[in-house]
Each structure stands twice: as C-alpha cells, then as structure tokens.
Amino acid sequence: MAVNAERFLADLHKLRQFGAAGVGKGVVRPAYSKADIEARAWLSDKMAEAGLTSRMDPVGNLFGLAEGRSILLGSHSDSQPEGGWLDGALGVIGALEVARSSDRPVSVVSFQDEEGRFGVTTGSAIWAGQVSLEEADRLTDHTGVAFGEARQAVSHLAGDFVDPTSFSGFIEMHIEQGPTLDTAEEQIGVVTDIVGIRDMRITFNGRQNHAGTTPMHLRRDAFQALAAFSAEIETRFRNLVTPRTVWTIGHVSLHPNASSIVTGRAVFSMQWRDGDSDRLARMEEIIRLTAQEIAASRGLTVEFGKMLGLEPVAMDRRLANALATSAEKVSPGRWRRMPSGALHDATNVARIMPVSMLFVPSIGGISHAFDEDTDEADLVAGLHVLEDAVSAIG
Ligand code: HGY
Ligand code: MN
Ligand code: MN
Ligand code: MN
C-alpha cells in the first residue's frame, strides 16, 4: 500500500489544532503544556489505529511500536514558546503515514522537550543515555520549574522506557529551518552532519539603585554589563568563527525591570553552535573571560550556570545513501547533501544506532516563528522520499 498524501496533510493540520495560536499556522505547544499533553493523547490514538502499540515513557516520549525488530521514524511534537506548525510535527506525522502504509515493520516516536524548555533535546537525550534521569530532574526552565516536577504532568500515562535495541535505525524527516533549499529551489536535503551546541545561563549581579540620583560613574548596572558583554564577544569571536558558527542571547531577564531603577541583576541565556568541538571550547573560554573582565571592570560579579551541550555528529553513511537514492528518484536533480545548523533528536539517537535525516525547504528560511511554512508539494516529496528509503532499507 502506498502512502496517502491527503491523509498525511490532513493529520498535519489536525496536529496543528493543538495549541494553534498567533498569525498564520503558528502553534504554542511547549513540553508538558496542556496542548502538548492533549496532542500526545491524540497521537497515541492515531498510533493504535495504525496497528502500533502506543507507549509513553516516564519523561513523555511517545512511541508507537511495531512488533519485533523495526526501523524507528519520527521527531518531536512539542514546540518553541512561539513555534511553527511543522517543526517536529512533520517528522512525526510523516512517520505515522509511512508506518500505516509500509509492508515493513515501522515504529514511530514523538520525543519530548526537543525544544529545550529544560535544556537541549531533553527527551531524546534521556532516552539515548546522554543525560541521566536524576541529572535531568534537576534542570529548571526560565521560571524555575524543575524538570522532575514538570514531568509529573504525564506520570498517569507513563510506562517504562522503551528498549532501543529493538530498532535497526532511526530516520528523522524535518523542515530545513534555513534558507538553503528554498533559495536553490530544491526539494530535499540529505543531512550529512549536525552541529554541536553549548548553552549556559549567565548572571551579572550589580547594585539596584535609584535611576535619578545615582551618578553614572557610581553605577553597577547589570544591564549595561550585559550590553557591553554582547558587543565585546562579537569583536573577540571575529578571528575564530566560520560562516557556520552562530551564537545567540535569546532569553534575558532583568531585575527588577523598571524604568526608574538601575538594573540590579541580569540573567541571560548564552548559546553557541558550531560543527567543531574545539571551536566550541575556544568560544567558551572567550565567553567566560569576557564576562569576568566586564564584571570586574564595572564592580559587578558574574555567575555561570551549568553548561549544557551536545557534540557535533555525523549521519550514518548507509542510511544517508539510501535517502540520496530515493531523493534522486522522487526529485531528480532537485536535492543536495547538506549539514544541519539546527539541533535534532537525531543527534542523541545517533549515539546508540545508525541515524539519518532528510530536510524539506522552509519558505523564506523562516522557523521558530509563527509564519514558518513549506509548500505542500515539498511536504509530500519528503513523505515519498521517506517511504521509498524505508522500503529500500528493509
Ligand atoms: O534549537 C534547535 O535547533 C532545535 O530546533 N531545538
Ligand atoms: Mn525540530
Ligand atoms: Mn525547533
Ligand atoms: Mn521616589
């Protein structure tokens, strides 16, 4: 039986209804939110309808298991605090459709907290043994809620962890989330490798004071330290980085965050990514040194939180070649091999079994935004490549 493109698109739109928000097709479905848990319940029913045994593990990773040894397909169904409808969802619904129609044993997974409310690709990192459950339970989100507390929201649905040795490999279909395929008017990316990442919370502690009476030279302003830090690392990174290197201060919390008060404390996220672990380490040195120098010169103190990270990882050659063969069949001359600058569950799973990924284009290269989208023809092309590769791999 061949995949049914209409059913696949209809299910993608149904999943979007859980947490539908914002303009266009945006979703708000962060890990363990009501929308996320309801979406997982719906997915669990879909898995059962497809003849799979659905099982949620203690952290909320949801599996639809085929009998015996199978290939695992999937991605994640949680979203960023402001996310698009395809990030993660495409790989999960594509997996479901291939499982429904393939004559090979295919299992499906939706990993939990890929979007890192509590860190980086939390659910798959735990499943693949990259982080222990005890360690993960101590991670906190930006509001101070602990992972161990948040995951209680699914404790009534949860069974044991699924044994990874029953899977022969993992394939994750995903949107590219960048401009390469869209610009080149190509349909499929076969991923060669995934970047490494480091993520750390940094705090500048200054002196909260009156904004009218405190002379500029006496201030110990935590916001000004953060602003100086942001500008200074850009300068210091200049001779080190490549076009693939990126860094982001994406979350900032100022205390007490009022117009007439000199900021006493600035807490912010510092994240950096690159394909080379040595460069990531050099960047860490620069980040720590710069923050310490800026704090010292302005009479502040600086604290560094626990650094989370994942190493760069290469995709499995045999699986990637199978995807490349299928891509050439489905979209002759309109595909390429390419690296991934986004993180994926595939990074963790690659530590324990052969893994590969395929991308479809993101219109305008937009993702982690409500207006993320992909042409239907490209979504369907991705589905066909996944189907064809699964049947070729066996
Ligand atoms: O941030 C990432 O790369 C992923 O989408 N969580
Ligand atoms: Mn994703
Ligand atoms: Mn994402
Ligand atoms: Mn006053």
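An unreviewed UniProt entry lists the protein chain under the name Hydantoinase/carbamoylase family amidase, with Lutimaribacter marinistellae as the source organism. In UniProt, the protein chain has this text filed under Cofactor (unreviewed entry): "Mn(2+)". Under the UniProt heading Subunit (unreviewed entry), the note attached to the protein chain is "Homodimer."

Enquirer: Would you mind going over the environment of Ala 89 with me for this structure?
Expert: Position of Ala 89 relative to the elements: it lies in helix α3 (residues 89–101). Excluding residues that lie within four positions of it along the chain, Ala 89 makes contacts with Leu 12, Leu 15, Arg 29 and His 76.

Enquirer: Help me understand the coordination of the manganese ion (ligand 3), please; the structure alone is not making it clear to me.
Expert: Six octahedral donors at a metal ideally form angles of 90 or 180 degrees, and four tetrahedral donors ideally form angles of 109.5 degrees. Binding of the manganese ion (ligand 3) to the protein goes through Asp 87 (OD), Glu 115 (OE), Glu 115 (OE) and His 368 (NE2), at separations of 2.1 to 2.5 Å. Mapping the donors of the manganese ion (ligand 3) onto the primary sequence gives the spacing D-x27-E-x252-H. In this structure, the manganese ion (ligand 3) lies 3.5 Å from the manganese ion (ligand 2), and both are coordinated by Asp 87. Of this pair, Glu 115 sits in the loop between β4 (106–111) and α4 (122–127) while His 368 sits in the loop between β17 (355–360) and α12 (376–393), placing them 253 residues apart in sequence. For His 368, a relative accessible area of 39% corresponds to the partly exposed category.

Enquirer: How should helix α8 (residues 222–237) be read in this particular structure?
Expert: Residues separated by three or four positions in an α-helix point in the same direction, a consequence of the helix having 3.6 residues per turn. Taking 1.5 Å of rise per residue, 16 residues should cover 22 Å, and α8 covers 22 Å from first to last C-alpha, within 8% of that figure. Of all the residues in α8, the buried ones are Ala 222, Ala 225, Leu 226, Phe 229, Ile 233 and Phe 237. What you see down the axis of α8 is that its buried residues fit within an arc of 95°, all on one side. Buried residues along α8 sit against β7 (196–205), β9 (246–248), β10 (252–255), β12 (265–274) and α9 (277–298).

Enquirer: How do you make sense of the packing of helix α10 (residues 317–330) against α12 when you look at a structure like this?
Expert: When two helices pack together, their arrangement is given by the angle between their axes and by how far apart the axes lie. Interaxial distance between α10 and α12 falls to 8 Å at its minimum, and their mutual angle equals 130°. With respect to α12, the element α10 is oriented oblique. Once α10 is placed against α12, the crossing between them reads as right-handed. Of the residues in α12, those in contact with Arg 318, Leu 319, Ala 322, Leu 323, Ser 326, Ala 327, Lys 329 and Val 330 of α10 are Ala 381, His 384, Val 385, Asp 388, Ala 389 and Ile 393.

Enquirer: What's the story with the packing of aromatic side chains in this structure? I'm lost.
Expert: Applying the stated criterion across every chain, the model contains 14 aromatic pairs. Between the aromatic rings of Phe 63 and Phe 111, the centroid separation amounts to 6.2 Å while the plane-to-plane angle is 85°, which identifies the pairing as edge-to-face. One end of the pair, Phe 63, is in strand β2 (residues 62–65); the other, Phe 111, is in strand β4, and 48 residues separate them in sequence. A relative accessible area of 0% means that Phe 63 is categorised as buried. On the basis of an interplanar angle of 70° and a centroid distance of 6.2 Å, the ring pair of Phe 204 and Phe 229 is categorised as edge-to-face.

Enquirer: Where do I start with the layout of surface pockets in this structure?
Expert: Regions of empty space are outlined by a rolling probe, equal in size to a water molecule, passed over the atoms. Taken as a whole, the second largest pocket holds about 190 Å³ of empty space. Val 120, Val 131, Leu 139, Leu 308 and Gly 309 are, among the 14 residues lining the second largest pocket, the residues nearest its centre. Only α4 and β14 (308–310) provide two or more residues apiece to the lining of the second largest pocket. The element best represented in the lining of the second largest pocket is β14, accounting for 3 residues. Class assignment for the residues of the lining of the second largest pocket results in 8 nonpolar, 4 polar and 2 charged.

Enquirer: Looking at this structure, how should I read the pattern of salt bridges?
Expert: Between side chains of opposite charge, a pair can form as their charged atoms come close. Going through the model one piece at a time under the given rule, you end up with 23 salt bridges. Here Arg 288 ties to Glu 284 by a salt bridge, and the two come within 2.8 Å at their closest N and O atoms. Highlighted residues: Arg 288 and Glu 284, both in helix α9, separated by 4 residues, approximately one helical turn.

The rules behind each value
- Residues numbered from 1 in each chain as written.
- Chains lettered and ligands numbered in written order.
- Predicted model: local features only at pLDDT ≥ 70, side-chain atom pairs only at ≥ 80, totals over all residues.
- Heavy atoms only, no water.
- UniProt positions renumbered as here; feature names shortened; annotations may be inferred.
- Helix = DSSP H or I, 4+ residues; strand = E, 2+ residues; numbered from the N terminus.
- Contact = heavy atoms within 4.5 Å.
- Donors = N, O, S within 2.8 Å, 3.2 Å for Na, K, Ca; no water.
- Buried < 20%, exposed > 50% of the residue type's maximum accessible area, 1.4 Å probe, protein only.
- Expected span 1.5 Å × (residues − 1).
- Arc of directions from axis to C-beta.
- Axes fitted to C-alpha atoms, helices over the stretch in contact; angles between N-to-C directions.
- Parallel < 35°, antiparallel > 145°, perpendicular 65-115°, else oblique.
- Left-handed = near helix turned anticlockwise from the far one by under 90°.
- Phe/Tyr/Trp six-rings, centres within 6.5 Å; stacked < 30°, edge-to-face > 60°.
- 1 Å grid on protein atoms, 1.4 Å probe; cavity = no way out; pocket = protein on both sides within 12 Å on 5 of 7 lines; lining within 4 Å.
- Points joined across faces, edges and corners; volume = space filled by probe spheres on them.
- Nonpolar A, V, L, I, M, F, W, Y, C, P; charged D, E, K, R; others polar.
- Salt bridge = Lys/Arg side-chain N within 4 Å of Asp/Glu carboxyl O.

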